[in-house]
Amino acid sequence: MRTQQGTPVRREAYQPLAYGVETVDLDFLLDPKATQVSSRLVCVRNPDAPAGPIVLFGEGLELLSLHIDGAEPAAGQLRKTDSGLELDVSAERVVLDIVTRIDPSANLTLSGLYQSRGGYYTQCEAEGFRSITYFPDRPDIMARYTVRLEADAAACPVLLSNGNLLETGNLPNGRHFARWEDPFPKPSYLFALVAADLKALERKVDTASGREVLLQVWVEERDLDRVGHAMDSLIHSMRWDEEVFGLELDLDRFMIVAVSDFNMGAMENKGLNIFNTKYVLANPETGTDLDFENVESVVAHEYFHNWTGNRVTCRDWFQLTLKEGLTVFRDQQFTADMMARASDSPDAAASARAVTRIANVRGLRGGQFPEDAGPMAHPIRPDSYQEINNFYTATVYQKGAEVIRMLHTLLGREGFRNGMDLYFSYHDGQAVTCDDFVGCMAEANGADLDRFMRWYSQAGTPRLKAEGVYDPAGRSYSLTLSQSTPATPGQADKLPLHIPVAVGLIGADGVDLPLQLEGEAHAGDSTRVLELKDASQTWRFTGIDAEPVPSLLRGYSAPVILDVVEDDARLAFRMAHDSDPFNRWDAAQRYMERVALALAAEAAAGRPMEVPQAFGHAFRALLVNASLDPAFVAETLALPSEAYLLERMQPADPAPLRAALIHLSRELGQALQGDFLARYMDLEVDGEYRYHPADAGKRALRNLCLRYMMAWGGPTAVQLASLQFKTAGNMTERYGALAALVQSDAPERLEALEAFHERYKDDALVLDKWFLLQACAWRWSADAPATLERVRALMDNPAFSLSNPNKVYSLLGGYFKANAAEFHREDGAGYAFWAEQVVALDRNNPQVASRMARALEGWRKFTPAIQARIRVVLEQVAGAEGLSPDVTEIIGKALA
Ligand code: TRP
Ligand code: ZN
């Protein structure tokens, strides 16, 4: 199944392999430059597959020996192929002994077996196992593993692998060994080993059924004071999965290991999750509230994979959303519950849940919508790929989670749970498809989900149009919903989807009306889920005494773009009264988007910009409303992301948009300075830092007030920001103050950056924040230095390294993806820098290079002048020599 460069793999071409694997016994003699891997595979003929050879994938391996049932292969029995080896055998069962040699120290891809800070780590998803040893490295080959590790005892005192520890012992020459056994059959992408100098925080807890299990979080010794939160998060995750889904940890031991060099967030290897340090380490001094939240949700995500991903896995990589969409949905629900459980009233709980939902949707709109509107647009279950690593996308993860959420909305909490129970009862221990999952949901609920399956095959963000007509004579309100999905590359024709649309009707007094559809005997709740299945459908609500204001897609019940005609007054009305907190936020965002894009149009035309007074009033009404949850207010008053606004601007033009956003935040900062200051003062959190949604909400709104004040930039603002920076008792406040200073033209920002660097120059994760802030800096005055020069200079900082993904994502990713106006500067210097860095990164780490390459894939949305400049560098990179399949696919699709 491995891609030849330029030959896409097609979903339709799936074939089971002729031989599967029953057991795998691995023996690693770990050495930086010459690690020897011995593997014994018991291969078994698959009766359901067409006849064929044993297929073994292998990449960059030195084959030392191979024996078939103890004998050398006969002449012609063993063939080398482009992707590995093939063996002709006739027996039903065959034992293979394979010895290979690899060089972990030379492996900079961070896939397969590699080194980081003197330790050994593996990353096998998606196809990394084949660069460790020859193997039928596909997720539908599930086998039981034992592992023996041998390494230098001083350099690597800790030897870990999946499952349960069987034995450890010392060997001559300062070496030692450990043997591990994983009782559960698993696909090779879930294999892991770690050999390093680490220490663990340990806890013993009982599962729901009363089994005692050992939990460990392994980190470098110096980081032991930062692991408590990850451990708490793990225990919360365990409890939540027991309570909500009845799913228990199935091993006696569960380990998390933190590593500094890691391509993604974390990896769910069976019983041995490996994490980017960024998603494990957090204490008040070094982590912000957002970091604490991210650690909690990533720990939960990987833990939840144990059932949704590991016990039931994917038949092939096209089914990736089977595990990822479902697991993201589960971690989103978990986070919402964690936020809500600290609330003291049902309203507060609803608001807290909405804050989580808002963050989910911000991510979707800022990350997935652009993907779905560009050359990489693909269904959540793609039909083809050239490099699977390019398909760990916002579409597969975030939109995939939205699709699962729609099932939850359509079937209800209980119906969804019944579907999950059926899924595990049918498929535990299997490698299955998305059809199997949705099939269980349908069967458990007697539901017809045939049309719903189109969400798995259609790319592009659907448009939902809503038109309401009030009939005073008939006291009724007719709501017509229509859908269409724009063409995407390779997919011109789109069919209607099954879309749950949660609807409420708000009366003139701001109170929801009870809803009664034509034909119903009496009125029900004030929110109703309408199921749109055709291109267009109409619903008639009866008993309505005056024209209502519709509130559509409450809770964001479907991942669509809603087109509905609403004037400013109606947006302000919903901003003030919508009983659905998500939609209240959304009304504010729509209003802000409208104002920002209008200002940008003025800026583009060289006309003066003026912020409408009515908007200022609506904004202020929320700002001063002390009865609202501060976390919610902070979300509501924050500007929509630039990435999302550029998506909405036609044609996209970063410079005037940036001018508009600067103008808007300055004007608000000035006009409402007294209100910002008052809220800033009364939101101060006393006492010792604790990670708690109520405190975090206050800090978030307080920091937002500071940012608006700094945007205006009076002396009070600068004083407050400097004082907060100097006296902060935790990272959330210190970083909030630094961010406010950096997003201004106050000279004090330079001092603060310097002080921050001095304080944290040996702290890699904190420095990532420092790099990121500077990469994302706006220019608040014409004479401020350009960001690009600063980014270039920062690459020379001793703490920066192109081979550490976190550094690249902060400094380069921040500049390419979160600073549009500076990156798209008119002289094209940002693009030349991009081309240079993408090509340089690609030599060592194609996965990281490809992520950076994606920064320009949406180039066709920009003005013709910008497009012309970008085309030049895209072609330049396309012509670079020795490009990886990863980057080749991205650039090829961008230029197609
Ligand atoms: N399965 C991982 C997750 O969702 C993702 C992941 C971690 C990954 N590392 C990777 C995917 C490397 C591809 C390559 O949590
Ligand atoms: Zn995942």
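Check the entry above for the structure.
Criteria and cut-off values
- Residues numbered from 1 in each chain as written.
- Chains lettered and ligands numbered in written order.
- Predicted model: local features only at pLDDT ≥ 70, side-chain atom pairs only at ≥ 80, totals over all residues.
- Heavy atoms only, no water.
- Buried < 20%, exposed > 50% of the residue type's maximum accessible area, 1.4 Å probe, protein only.
- Helix = DSSP H or I, 4+ residues; strand = E, 2+ residues; numbered from the N terminus.
- Pairing = 2+ DSSP bridges.
- Salt bridge = Lys/Arg side-chain N within 4 Å of Asp/Glu carboxyl O.
- Donors = N, O, S within 2.8 Å, 3.2 Å for Na, K, Ca; no water.
- Contact = heavy atoms within 4.5 Å.
- Near = heavy atom within 4 Å.
- Polar contact = N/O pair within 3.5 Å; in protein donor to acceptor, adjacent residues only side chain to side chain.
- Phe/Tyr/Trp six-rings, centres within 6.5 Å; stacked < 30°, edge-to-face > 60°.
- Lys NZ or Arg CZ within 6 Å of the ring centre and 35° of its normal.

With respect to the pairing of strand β29 (residues 549-552)
Next up, step 1: Burial of the side chains of β29 extends over both faces: Val549 and Ser551 are buried on one face and Pro550 and Leu552 on the other.
Next up, step 2: Across four bridges, strand β26 (residues 499-506) lies against β29 in antiparallel orientation. The partner of Leu505 across the bridge, within β29, is Pro550.

Quick notes on the pattern of salt bridges
Next up, step 1: For the coordinates displayed, the defined rule picks out 71 salt bridges.
Next up, step 2: Of the charged contacts, one joins Arg40 and Asp97 as a salt bridge, the two residues approaching to 2.9 Å between their closest N and O atoms. Of this pair, Arg40 sits in strand β3 (residues 35-45) while Asp97 sits in strand β8 (residues 93-102), and the two are 57 residues apart along the sequence.
Next up, step 3: Since its relative accessible area comes to 40%, Arg40 is described here as partly exposed.
Next up, step 4: When its relative accessible area of 21% is taken as the criterion, Asp97 is described as partly exposed.
Next up, step 5: Of the charged contacts, one joins Lys769 and Asp291 as a salt bridge, the two residues approaching to 2.4 Å between their closest N and O atoms. Remark: Asp291 occurs in helix α2 (residues 289-304) and Lys769 occurs in helix α19 (residues 764-775); sequence separation between them is 478 residues. By the burial criterion, Lys769 is buried, and Asp291 matches it.
Next up, step 6: By sharing partners, the salt bridges in this structure join Asp512, Arg554, Glu566, Arg570, Arg574 and Asp578 into a single network.

What about the coordination of the zinc ion (ligand 2)?
Next up, step 1: Distances from the zinc ion (ligand 2) to its protein donors, His301 (NE2), His305 (NE2), Glu324 (OE) and Glu324 (OE), fall at 1.9 to 2.7 Å.
Next up, step 2: The sequence pattern describing where the donors of the zinc ion (ligand 2) fall on their chain is H-x3-H-x18-E. Placement of His305 in the loop between α2 and β21 (313-314) and of Glu324 in helix α3 (residues 320-341) is noted, with a sequence separation of 19 residues between them.

Description of the side chain of Arg658
Next up, step 1: Within the element layout of this structure, Arg658 appears in helix α13 (residues 654-671).
Next up, step 2: Exposure remark for Arg658: the relative accessible area of 5% places this residue in the buried category.
Next up, step 3: Every residue in contact with Arg658, bar those within four places of it in the chain, is listed here: Glu642, Trp778, Arg779, Asn819, Ala820, Ala821 and Glu822.

Comments concerning the site of ligand 1
Next up, step 1: Not every one of the 16 residues close to ligand 1 is listed here, only the nearest: Glu125, Glu268, Glu302, Glu324 and Tyr397.
Next up, step 2: Ala266 places a polar main-chain atom, nitrogen or oxygen, 3.2 Å from an oxygen atom of ligand 1.
Next up, step 3: Note that a nitrogen atom of ligand 1 is positioned 3.5 Å from one of the side-chain N or O atoms of Lys323.
Next up, step 4: Among the secondary structure elements, those contributing two or more residues to the shell around ligand 1 are β19 (266-267), α2 and α3.

Quick word on the packing of aromatic side chains
Two measures describe an aromatic ring pair: the distance that separates the ring centres and the angle between the ring planes.
Next up, step 1: Under the defined criterion, the tally for this structure stands at 41 aromatic pairs.
Next up, step 2: Note on Phe615 and Phe619: the rings are 6.0 Å apart at their centroids and 55 degrees apart in plane angle, and the pair reads as tilted. Taken as a pair, Phe615 and Phe619 lie in helix α10 (residues 613-623) at a separation of four residues, close to a single helical turn.
Next up, step 3: Given a relative accessible area of 0%, Phe615 falls into the buried group.
Next up, step 4: Overall, Phe619 belongs to the buried group, its relative accessible area being 0%.
Next up, step 5: For the cation-ring pair, Arg130 lies above Phe57, with the distance from its terminal atom to the ring centre recorded as 4.2 Å.
Next up, step 6: We note Lys186 situated over the ring of Tyr145; from NZ or CZ to the ring centre the distance is 4.1 Å.

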